[in-house]
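Descriptive structure summary
One-letter residues, chain by chain:
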Amino acid sequence: MCGIIGYIGTEDCANLILEGLRRLEYRGYDSAGIAIITDGRFEIRRAAGKLDRLAEALRGEPVSGTIGIGHTRWATHGPPTELNAHPHRAGDVVVVHNGIIENHRVLKAELLAEGHTFSSETDTEIVAHLVSRERGRGHGLVEAVRLALLQVHGAYAIAALDRTDPETLVAAKNASPLVVGLGDGANYLASDIPAILQHTRRVVFLDEGQMVVLRRSGATFQHIATGAPFEPKVQVINWTPAMAEKGGYRHFMLKEIHEQPRAVTDTLRERVRIERGTVELDGLNLTDEQLAGFSRAVIIACGTSWHAGLVGEYLIEQFSRLPVEVELASEFRYREPCVDEKVLVIAVSQSGETADTLAAIKETQSRGSHVLAVCNVVGSSIVRLSNSNLMTHAGPEVSVASTKAFTTQIAALYLLAVKLGLARGTLQPGRAAVLLQDLIEVPSAIETVLETPASEYVALARRFGNATSMLYLGRGTSFPIALEGALKTKELSYIHAEGYAAGEMKHGPIALIDESVPSVVVCPMGPHFDKTLSNVAETRARGGAVIAVTTPSGAERIGSDADAVLVVPEAPDHVMAFLTAIPMQLLAYHIADFKGTDVDQPRNLAKSVTVE
Ligand code: G6P
């Protein structure tokens, strides 16, 4: 959701900024722009639509300069037109912004009364005017930005330039993510790491209420509230640039689906002690006694991460008998949640920046709960805010539709479930060793699922891709997998798809079934197989086509009762979700590819949802 790039150095930076914006495309956007200082004047190019339009504008009227900022905008205030695209200018100042200025109406009225004129409908333009007003009062750019921000309420990450001061790039953060890249004679700014990874791996994640002044010679940091300087924590990122590239695949999503064996392996690495039947969770700041003392766990998350949380609920309850609730962060945050220090809160998030999850974390911390973040991005807001963390090691996930982050989140929750079971005495090391052995066999079982020829999925996409509605059904952990399958399908191919607990089918969704509504039934051989098979029969009896996702022995039993079968290897029930998740992802991918939708950046969606 909105991407920011900044550069100050000695290189001509228009292409560098454009390239950085391309690496932020996954965040979701609908217009883009760039501002560069050239000989004491601004060169600003903006365009509605995708970055190719901005590139075209830059080809038409090239710009050059060694200090600049760029932006991809995901429209909130005002439609995605060129006029509303960032950067926004007021006097000598330009600003780009990610987030929402909540008191924009009051501020705009005040500025209008003073004679300021506006050329866009955005809340961002107000910030440019506020900074310009402070400049007019005699403050330098850094102080002008600081004083302007003190007047602003809301979520923001901003970057600002002044054409009369081409030696300074100022940026600030409150809620929306911003990372500073430290180079040699050049410094960088970005909403996310992949955008600057090919230039530097030394980064500083800005925290809420912090600002940075970038010069060619270095970066200085200060607090927005007081202007007081502070020494930042510099981190070295070990992701390689290649990890954020497509690597020969047609889409990031397909690449990321295929990275899952590696991603799950990396998430388990050095944490599993099979011989002792234990797990070691770096980042978990809780003793076994503390783990044993919790009365309940609450998992908070959004979207795909919420589905991983639902799988985690089954695992934690089964292994440790600790009661678990799984909550949508957007609902939970406003519910005056019943949590206290006896409740372990587990926040699951790929990006670590989701606004609703962040707000829910704060809500639970204010009530005394310990928050454990299950997260993929080191240094992200959620990791920094939480009391403990359990990092997933999926590597950078670029496609908006989450895939490898999902299976690594399940892997992390599985490890936590075993840890809790051992601490609470519901698992003995012998049993834990068996569960861990099953877990470390998951990556190679995923490899097997990935060996299914693409032609099987392509054929299904051709056969069912024109449906306007689909159902996804499952029981046990196959229920959240069905929810995830439906979410993937609607995100990517815009087909209306609903996920349901198969046992609920008779309470409503069965009314939808006819020849035009295919159902994907997740029914691997296991404790729920027979019951789910009845759902297959009920669906077929009403003329609905069934795609069964099952194991070889399940396929044998189903025979011709399904219209199509996607097979995953036999495995114990507690690891089955890892395997059945893969056909959900591949089916949604191939249907979207068949329909010709934008697989990696589906319409209206954003990778990192930093507003409510
Ligand atoms: C957006 C993304 C989803 C993701 C959700 C939660 O909707 O498009 O893929 O599952 O946000 O994001 P998080 O980063 O907190 O996991």
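Everything in this summary refers to the structure shown in the same document. In this text the structure is predicted, and so the values were computed from the model without any measurement.

**Thoughts on the overall build of the protein chain**
Across its full length, the protein chain holds 20 helices and 27 strands. By the compact-globule yardstick of 25 Å for 612 residues, the protein chain fits well, its C-alpha radius of gyration being 25 Å. Principal axes of the C-alpha set define a box for the protein chain whose edges measure 80 × 55 × 40 Å. The buried share of the protein chain, reckoned over its 612 residues, is 61%. Considering only residue pairs separated by 6 or more positions, the protein chain has 71% of its internal contacts joining residues 24 or more positions apart. Surface exposure of the protein chain reaches about 21,800 Å², of which carbon and sulfur atoms provide 49%. For the protein chain, the centre of its 57 positive side-chain charges and the centre of its 72 negative side-chain charges are spaced 1 Å apart.

**Remarks on the sheet that holds strand 24 (residues 496-501)**
Spatially, the 5 strands line up as an open sheet ordered 24-23-25-26-27, and their pairing is parallel. The strands lining the two open edges of the sheet, one partner per strand, are strand 24 and strand 27 (564-567). Direction aside, the axes of adjacent strands within the sheet are offset by 20° on average. Running over the sheet, helix 16 (residues 454-464) touches strand 26 (546-550) and strand 27 and is turned about 145° from strand 27.

**Digging into the nonpolar core**
In terms of nonpolar packing, the biggest core is built from 91 residues, with Ile 316, Ile 346, Tyr 414, Leu 416, Val 418, Tyr 472 and Phe 578 touching the most fellow members. Residue assignment places this core across two domains, with domain 2 (252-440) and domain 3 (450-595) each supplying three or more. What Tyr 472 contacts, discounting residues up to four positions off in sequence, is Ala 482, Gly 485, Ala 486, Thr 489, Ala 497, Glu 498, Gly 499, Tyr 500, Val 520, Met 584 and Leu 587. Grouped together as the second largest cluster of nonpolar side chains are 35 residues, Leu 16, Ile 36, Val 179 and Ala 195 included.

**Focus: the packing of helix 3 (residues 104-113) against helix 4 (residues 124-136)**
Relative orientation of the contacting elements helix 3 and helix 4 amounts to 50°, with a least axis distance of 10 Å. Between helix 3 and helix 4, the angle falls in the class oblique. Note that helix 3 runs across helix 4; the crossing there is left-handed. Across the interface between the two elements, His 104, Leu 107, Lys 108, Glu 110 and Leu 111 from helix 3 touch Ile 126, His 129, Leu 130 and Arg 133 from helix 4. Grouping the amino acids of the contact of helix 3 with helix 4 by side-chain chemistry returns 4 nonpolar, 2 polar and 3 charged.

**Brief notes about helix 15 (residues 442-450)**
What helix 15 keeps buried is the set Val 442, Pro 443, Ala 445, Ile 446, Val 449 and Leu 450. Looking straight down helix 15, one finds its buried side chains confined to an arc of 160°; they lie on one side. Buried positions along helix 15 lie against helix 6 (252-258), helix 7 (260-268), helix 14 (429-440) and helix 20 (576-595).

**Things to note about the site of the ligand**
Every one of the 13 residues lining the ligand counts as a neighbour, but Ser 305, Ser 349, Gln 350, Ser 351 and Thr 354 are closest to it. In the environment of the ligand, an oxygen atom lies 3.0 Å from a nitrogen or oxygen atom belonging to the backbone of Thr 304. Val 400 has a polar backbone atom sitting 3.1 Å from an oxygen atom of the ligand. It is helix 9 (residues 303-320) that contributes the most residues to the shell around the ligand, 3 residues altogether.

**Focus on the packing of aromatic side chains**
In this structure the tally under the stated criterion is 4 aromatic pairs. When the ring of Phe 319 is compared with that of Tyr 414, the centres are 5.2 Å apart and the planes differ by 75°; the resulting orientation is edge-to-face. One end of the pair, Phe 319, is in helix 9; the other, Tyr 414, is in helix 13 (residues 404-424), and 95 residues separate them in sequence. We note that Phe 319, like Tyr 414, is buried. One aromatic cluster in this structure is built from Phe 319, Tyr 414 and Phe 578.

**Topic: the packing of helix 1 (residues 14-23) against helix 2 (residues 51-60)**
A pair of packed helices is captured by two measures, namely the crossing angle of their axes and the spacing between those axes. The N-to-C vectors of helix 1 and helix 2 enclose an angle of 175°; their axes lie 11 Å apart at closest approach. In terms of orientation, helix 1 lies roughly antiparallel with respect to helix 2. Touching Leu 18, Leu 21 and Arg 22 of helix 1 are Leu 51, Asp 52, Leu 54, Ala 55 and Leu 58, all from helix 2. Residue composition of the contact of helix 1 with helix 2, by class: 6 nonpolar, no polar and 2 charged.

Definitions and limits used
- Residues numbered from 1 in each chain as written.
- Predicted model: local features only at pLDDT ≥ 70, side-chain atom pairs only at ≥ 80, totals over all residues.
- Heavy atoms only, no water.
- Helix = DSSP H or I, 4+ residues; strand = E, 2+ residues; numbered from the N terminus.
- Rg over C-alpha atoms; globule rule 2.2 N^0.38 Å.
- Buried < 20%, exposed > 50% of the residue type's maximum accessible area, 1.4 Å probe, protein only.
- Contact = heavy atoms within 4.5 Å.
- Areas by Shrake-Rupley, 256 points an atom, 1.4 Å probe, with all protein chains shown as cover.
- Lys, Arg positive; Asp, Glu negative; His and termini not counted.
- Charge placed at Lys NZ, Arg CZ, Asp CG, Glu CD.
- Pairing = 2+ DSSP bridges.
- Axes fitted to C-alpha atoms, helices over the stretch in contact; angles between N-to-C directions.
- Core = buried A, V, L, I, M, F, W, Y, C linked by side-chain atoms within 4.5 Å.
- Domains from an automatic or database assignment.
- Parallel < 35°, antiparallel > 145°, perpendicular 65-115°, else oblique.
- Left-handed = near helix turned anticlockwise from the far one by under 90°.
- Nonpolar A, V, L, I, M, F, W, Y, C, P; charged D, E, K, R; others polar.
- Arc of directions from axis to C-beta.
- Near = heavy atom within 4 Å.
- Polar contact = N/O pair within 3.5 Å; in protein donor to acceptor, adjacent residues only side chain to side chain.
- Phe/Tyr/Trp six-rings, centres within 6.5 Å; stacked < 30°, edge-to-face > 60°.

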